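Each chain is listed here by its residues.
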Amino acid sequence: MANVISDETIEYVGILAKLELNKEEQERAKKDMGEMLDYIDKLNELDTTGVEPMSHVFPVNNVFREDVVTNGDGHEATLANAPEVKENAFLVPKTV
Amino acid sequence: MSLMQLTAVELGKKIKAGEVSVVEATEAALNAIEAKEDKVNSFVTVDREGALKQAKEVQKKIDAGELTSPLAGVPVAIKDNMCTEGLLTTCSSKILGNFVPTFTSEAVLNLQKAGAVILGKTNMDEFAMGSTTETSAFGETKNPWNTEHVPGGSSGGSCAAVAAGECFYALGSDTGGSIRQPSSFCGVTGIKPTYGTVSRYGLIAYGSSLDQIGPVAKDVTDCATILETIASHDLKDSTSVERKDTDFTSALVDDVKGMKIGIPKDYFGEGLDPEVKEAVLNAAKKLEEKGAIVEEFELSLVEYAIPAYYVIACAEASSNLERFDGVKYGYRTKEYEGLHNMYKKTRSEGFGAEVKRRIMLGSFVLSSGYYDAYYLKALRTKALIKKAFDKAFEKYDMILGPAAPTTAPKLGESLSDPIKMYLGDIYTISVNLAGLPGISVPCGVDSKGLPIGLQLIGDCFQEKKIIQAAYAYEQTREPAFSPLLAE
Amino acid sequence: MKQYETVIGLEVHVELATKTKIFCGCSTEFGGAPNTHTCPVCTGMPGSLPVLNKQVVEYAIAVGLATNCSITQYCKFDRKNYFYPDNPQNYQISQLYLPICRNGGIEIETAAGKKTVGIHEIHMEEDAGKLVHDDWTGSSMVDYNRSGVPLIEIVSEPDMRSADEVIAYLEKLRMIIQYLGASDCKLQEGSMRADVNLSVREVGATEFGTRTEMKNLNSFKAISHAIEGERARQIELLEEGRQVIQETRRWDDNKESSYAMRSKEDAQDYRYFPEPDLVPIVISDEWLKEVKDRQPELRSEKLERYKKEYDIPEYDAEIITGTKKMADIFEATTAICNKPKKVSNWLMVETMRLLKENEMEAEDISFAPENLAKLIELADAGEINSSVAKEVFEEVFKNNVDPEKYVEEKGLKTVSDDGALREVIEKIVADNPKSVEDYNSGKKKAIGFLVGQTMKAMQGKADPGMVNKILKEVLG
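Residues numbered from 1 in each chain as written. Chains lettered and ligands numbered in written order. Predicted model: local features only at pLDDT ≥ 70, side-chain atom pairs only at ≥ 80, totals over all residues.

**Q** Looking at this structure, I do not really get the interface of chain B and chain A. What am I missing?
**A** Each side of the interface is counted separately: chain B has 52 residues, and chain A has 35 residues. Where the side of chain B that touches chain A is concerned, the elements lending two or more residues are helix 9 (302–320), helix 10 (338–350), helix 11 (353–366), helix 12 (371–395) and helix 13 (418–423) of chain B. Ranked by residue count, the leading element in the side of chain B that touches chain A is helix 12 of chain B, at eleven residues. Broken down by class, the residue content of the side of chain B that touches chain A amounts to 28 nonpolar, 13 polar and eleven charged. (Contact = placed C-beta atoms within 7 Å. Helix = DSSP H or I, 4+ residues; strand = E, 2+ residues; numbered from the N terminus. Nonpolar A, V, L, I, M, F, W, Y, C, P; charged D, E, K, R; others polar.)

**Q** What should I look at first to understand the pairing of strand 11 (residues 150–156) of chain C in this one?
**A** Where a strand is regular, its side chains alternate between the two sheet faces. Residue and element names in this part refer to chain C. Among the seven residues in strand 11, five count as buried, and that is most of the element. As defined by bridge partners, strand 1 (residues 4–15) adjoins strand 11 across five bridges and the pair is classed as antiparallel. Counterpart to Glu11 in the pairing with strand 11 is Val155. Pairing between strand 8 (residues 113–126) and strand 11: seven bridges, direction antiparallel. Bridge pairing in strand 11 places His123 opposite Glu153. (Buried ≥ 20, exposed ≤ 12 C-beta atoms within 10 Å, placed from the backbone. Pairing = 2+ DSSP bridges.)

**Q** So what exactly am I meant to see when it comes to the interface of chain C and chain A here?
**A** A common way to express how large an interface is: the accessible area buried when the components associate. Opposite the 40 residues of chain C that make contact, chain A presents 34 residues. Looking at the side of chain C that touches chain A element by element, the count peaks at five residues for strand 10 (residues 139–143) of chain C. For the side of chain C that touches chain A, the residue count by class is 20 nonpolar, 14 polar and six charged. Sheet analysis places strand 3 (residues 89–93) of chain A next to strand 10 of chain C, joined by four bridges and oriented antiparallel. What sits directly across from Phe90 of chain A, in strand 10 of chain C, is Val142 of chain C.

**Q** Could you clarify how one ought to interpret the sheet that holds strand 16 (residues 273–274) of chain C in this entry?
**A** All names here are of chain C. Within the open sheet, the three strands sit side by side as 6-5-16. Their pairing is antiparallel. Of all the strands in the sheet, just strand 6 (91–94) and strand 16 have a single pairing partner and so form its edges. Two strands pair when backbone bridges link them, and strand 5 (residues 78–81) and strand 6 are joined in this way by four bridges, in the antiparallel orientation. Residue pairing across strands places Arg79 opposite Ile93, the latter belonging to strand 6.

**Q** How should I be thinking about the domain arrangement of chain C in this particular structure?
**A** Split into domains, chain C comes out as domain 1 (4–287), domain 2 (297–410) and domain 3 (418–475). On a C-alpha basis, the centres of domain 1 of chain C and domain 3 of chain C stand 64 Å from each other. (Domains from an automatic or database assignment.)

**Q** Even after reading the chapter, I still don't get helix 9 of chain B, so can you show me in this structure?
**A** Two residues of an α-helix separated by three or four positions point the same way, owing to the 3.6 residues in each turn. Compared with the 27 Å implied by 1.5 Å per residue over 19 residues, the 27 Å span of helix 9 of chain B between its first and last C-alpha is a close match. For helix 9 of chain B, the tally of buried residues reaches 18 of 19 residues, placing the bulk of the element in the interior. (Expected span 1.5 Å × (residues − 1).)

**Q** Looking at this structure, I do not really get unusual backbone geometry. What am I missing?
**A** The phi torsion of most residues other than glycine is negative, and most of the peptide bonds are trans. Backbone torsion omega between Gly153 of chain B and Ser154 of chain B reads 10°, so that peptide bond is classified as cis. Within the secondary structure layout, Ser154 of chain B lies in the loop between strand 3 (117–122) and helix 5 (156–164). Of note, Asn90 of chain C is a non-glycine position whose phi angle comes to about 65°, a positive value. On the basis of neighbour count, Asn90 of chain C is assigned to the buried category, with 21 C-beta atoms found within 10 Å.

**Q** Which parts of the structure should I look at to understand the sheet that holds strand 6 (residues 212–217) of chain B?
**A** Strand pairing in a sheet relies on backbone hydrogen bonds. The paired strands run either parallel or antiparallel. Residues and elements named next belong to chain B. Reading across from one edge, 1-3-2-4-6-5-10-11-9-7-8 is the order of the eleven strands in this open sheet, with mixed pairing throughout. Of all the strands in the sheet, the pair left with one neighbour each is strand 1 (43–46) and strand 8 (293–297). The sheet shows a mean angle of 30° between the axes of neighbouring strands, direction not considered. With two bridges joining them, strand 7 (residues 260–264) and strand 9 (residues 398–402) adopt parallel strand pairing. From the neighbouring strand, Ile261 faces strand 9, where its bridge partner is Met398. (Axes fitted to C-alpha atoms, helices over the stretch in contact; angles between N-to-C directions.)

**Q** Can you walk me through the environment of Gln453 of chain C in this structure?
**A** Residues and elements named next belong to chain C. In this structure, Gln453 sits in helix 14 (residues 446–457). For the pair Gln453 and Arg79, spaced 374 residues apart in the sequence, the C-alpha separation amounts to 74 Å. Once residues within four sequence positions are removed from consideration, Gln453 is found in contact with Ile428 and Asn432.

**Q** Sorry if this is basic, but what is going on with the packing of helix 7 (residues 220–230) of chain B against helix 15 (residues 463–474) of chain B here?
**A** Any two packed helices are characterised by the angle at which their axes cross and by the distance between the axes. Residue and element names in this part refer to chain B. Helix 15 packs onto helix 7 with a crossing angle of 155° between their chain directions and a minimal axis gap of 9 Å. One way to sum up the angle between helix 7 and helix 15 is to call them roughly antiparallel. Residues Val220, Ala224 and Leu227 of helix 7 touch helix 15, and the partners they reach there are Glu463, Ile467, Ala470, Tyr471 and Glu474. A breakdown of the residues in the contact of helix 7 with helix 15 according to their chemical character gives six nonpolar, no polar and two charged. (Parallel < 35°, antiparallel > 145°, perpendicular 65-115°, else oblique.)

Okay, here's the thing in structure tokens:
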């Protein structure tokens with residue numbers, strides 16, 4: 001395996017992705033990610049010099065809405081699925 | 001002949017003629033679900049009460065002449081990644097296990113306007129990540145042709161429900177083959193339309209630049225009719241395309257004379273099951289006999305589609321799935337210490353292994369120092385793949401090949417080796433990268449009695465060509481039902 | 001001690017004055033009960049998709065043009081990924097790779113002279129929701145009413161060297177944006193927010209020092225103090241032979257100090273990538289021209305027009321056009337009473353004084369131009385005298401009272417009844433023989449005291465000219 005994924009990398013990606021893996025999952029993730037990256041490295045066989053990265057397939061541009069209010073009071077729908085609500089606001093563990 | 005063996009359009013005609021009532025059709029479907037779910041597990045949610053209520057209302061509107069669509073009154077199943085107001089929508093994930101949307105996805109709204117009766121929500125690979133419907137948090141779906149085998153995925157529930165006769169048609173979504181591959185495995189017909197043809201509003205995103213909703217049905221006529229109904233230019237989806245050529249049923253013509261069909265040699269190499277190869281080439285022969293010009297060519301870059309796809313899809317998915325954090329909806333872990341611990345525990349407990357695997361990979365390829373090497377490289381590869389297709393379509397009206405390299409594998413055989421599983425998408429994935437339309441139609445069964453699918457790929461906005469060819473091919477075969485539907 | 005130079009760059013966030021949010025049709029109106037101005041899009045509901053508000057692009061272009069930027073005619077949005085509850089999708093739709101404006105700059109003026117502050121880029125993005133912390137329950141409450149309100153972020157070059165330059169830059173920027181009508185730029189309400197990037201280096205050094213970023217600065221005062229404090233902190237570190245750490249610091253207005261916002265969970269690796277749910281924006285030359293043509297009158301144009309059209313002095317015009325709000329009041333009031341010089345005087349003298357006394361900005365002015373016009377008319381017609389007028393104006397300024405009604409109710413009208421006034425004056429003259437004697441013996445100034453006594457007796461409601469005239473007659 002050309003790509004060796006370290007514990008630190010897995011931990012760092014876990015912080016970015018907000019995932020906490022147990023020891024077993026972590027070992028599996030190291031192996032899986034290494035293998036996938038080896039596989040993805042196949043792309044390096046391709047000469048892509050001068051090729052523009054293509055994020056959108058079609059040349060569709062300038063899709064806009066006009067600046068007109070179309071929505072009314074949405075709090076009921078917004079809060080309908082909330083795990084915890086207080087005074088019409090979502091309740092989360094303290095952020096500061 | 002059982003009512004459930006009718007196609008959607010056939011049933012629609014009978015309803016219109018007053019030979020079958022909407023309630024009768026709905027009850028027939030609900031009873032079939034009740035009888036067969038133990039064996040197939042196609043559904044996450046069955047809305048018996050709601051379906052019967054809709055059936056009565058739709059019948060009234062049909063009687064009043066307000067509903068005239070060919071699909072009016074025909075019961076449908078919806079993949080569980082499309083939001084349905086008031087009806088549980090889980091993406092087959094624990095993290096959305098209790099999520100009840102407050103709005104309905106545009107494609108489903110379009111069906112409702114045409115008088116569809118929604119039976120329930122179909123099982124899928126969690127967040128559409130998988131090719132077997134085994135990554136669902138609510139149990140695997142089984143293949144109605146042989147319940148020891150997978151139905152394919154990720155729209156495995158939709159395809160199995162159609163194949164088992166639990167509904168008359170279904171909606172699926174296709175990010176890397178998720179309609180075409182399970183259609184092939186389940187012996188049904190499915191279309192992945194040109195990107196932008198069906199609104200993604202209300203479709204819970206996996207890979208936003210690749211996702212498209214499409215029909216799954218018993219035949220090409222149904223698929224064309226459904227696609228005509230769900231296609232729309234939606235101002236709520238910026239990537240929705242305004243098309244004036246969505247009268248897809250006009251392409252239901254049994255004529256392929258002069259059509260130029262290219263068979264990519266690189267689709268028939270190593271890894272392709274000989275029985276699949278034979279069935280697909282036989283289908284090509286049938287089209288040739290009907291007057292199509294069939295020739296082989298070199299598409300190139302085929303082996304690069306999968307790695308490029310996994311970089312792009314996982315990167316987008318890692319971002320799309322960030323919103324599932326236990327704050328606004330869905331699952332929240334029971335015990336936690338502080339905000340970040342809440343996030344981590346919620347997500348780690350709420351997502352399954354395959355989803356976590358893809359989120360990790362996607363977060364990694366976008367992280368500082370790797371973006372150029374992986375993400376931009378993949379986008380450049382995508383540009384080259386698109387170019388290769390453009391070149392092919394200068395010469396051919398469509399490309400013909402298998403939908404999948406094998407027939408449906410046995411349950412439990414795929415998940416242990418992700419890369420091998422990903423390789424199963426080799427014929428479908430590049431179509432999503434290039435935004436093209438593709439259709440899978442049944443073209444035989446292998447020696448184990450498992451269905452084989454033929455894939456036709458069109459140029460952008462050329463659904464009509466592949467619909468016409470698929471329709472013409474279909475006329476050369478007798479329809480085949482799965483044992484669960486035939487009985 | 002070595003001599004140090006402060007190097008400052010600003011990231012200024014400005015909330016645009018659109019009616020709706022950047023990606024959905026929810027109102028941007030300030031206030032409202034929590035989550036009332038929300039929909040699936042601005043709360044990150046699964047399946048929702050953004051659609052760009054065209055007005056946001058036009059405002060961004062207008063600000064770019066007015067700050068001498070080049071407009072990126074093919075621009076895109078990117079996703080900035082980070083987990084925080086005020087950000088419902090846990091990514092912010094912003095611009096990194098192709099921001100809408102680049103390479104501009106504006107000229108500022110300080111006591112030290114004129115200089116140009118470069119603008120590196122301006123990009124469009126969405127605002128976050130609001131968090132309210134509840135110490136009792138140890139939790140925070142999330143309100144998404146502000147989530148998705150359109151922002152532009154104006155990133156300057158590290159061209160500023162002092163708090164004075166920073167304030168001058170912000171004031172200039174604010175004036176430009178207000179003139180365009182692109183934002184009201186209220187620091188207190190958060191419609192203009194500045195993050196300060198600051199480093200210090202020895203005078204003469206060519207390399208930049210390590211910088212810190214300071215957030216949560218809600219007033220010019222906070223910005224000034226934060227700059228002074230951070231400069232001192234960094235110099236102290238360097239003098240002690242320690243290093244400045246590149247970090248984000250949060251300003252605490254109450255404690256008048258900043259603290260580092262550090263966390264292991266906060267990796268600051270935003271994994272930007274092109275937003276797949278939005279299509280690129282292509283800005284044609286025609287569109288640019290349209291925006292340019294529709295641009296409201298700029299300050300320099302207004303200044304010239306005022307001098308010509310209203311015939312007011314350069315000095316007056318400078319002050320009045322100093323803020324868009326002041327200019328708007330001037331024009332509206334003049335349109336009613338057609339007395340530009342008088343209007344300008346009220347604005348320049350009394351209004352400015354009251355703003356200063358109350359620590360207010362011109363944007364906070366709340367009186368109606370009609371009321372100022374009425375006041376001017378009352379004074380001009382001699383219905384009230386000038387000291388009453390000032391008193392009434394304070395009421396107009398504070399409570400937006402109708403001067404006519406107010407004068408009527410309080411009985412402030414000038415007494416112009418000759419007989420009544422003569423009676424009072426005769427009594428004053430009789431009661432103050434000493435002053436009368438002084439006056440008659442040539443000390444003409446003594447009349448001032450008598451005028452004062454008369455005004456006092458009249459509770460200020462007499463016309464001073466008339467008092468003088470009658471007094472002279474009575475004194476013979």
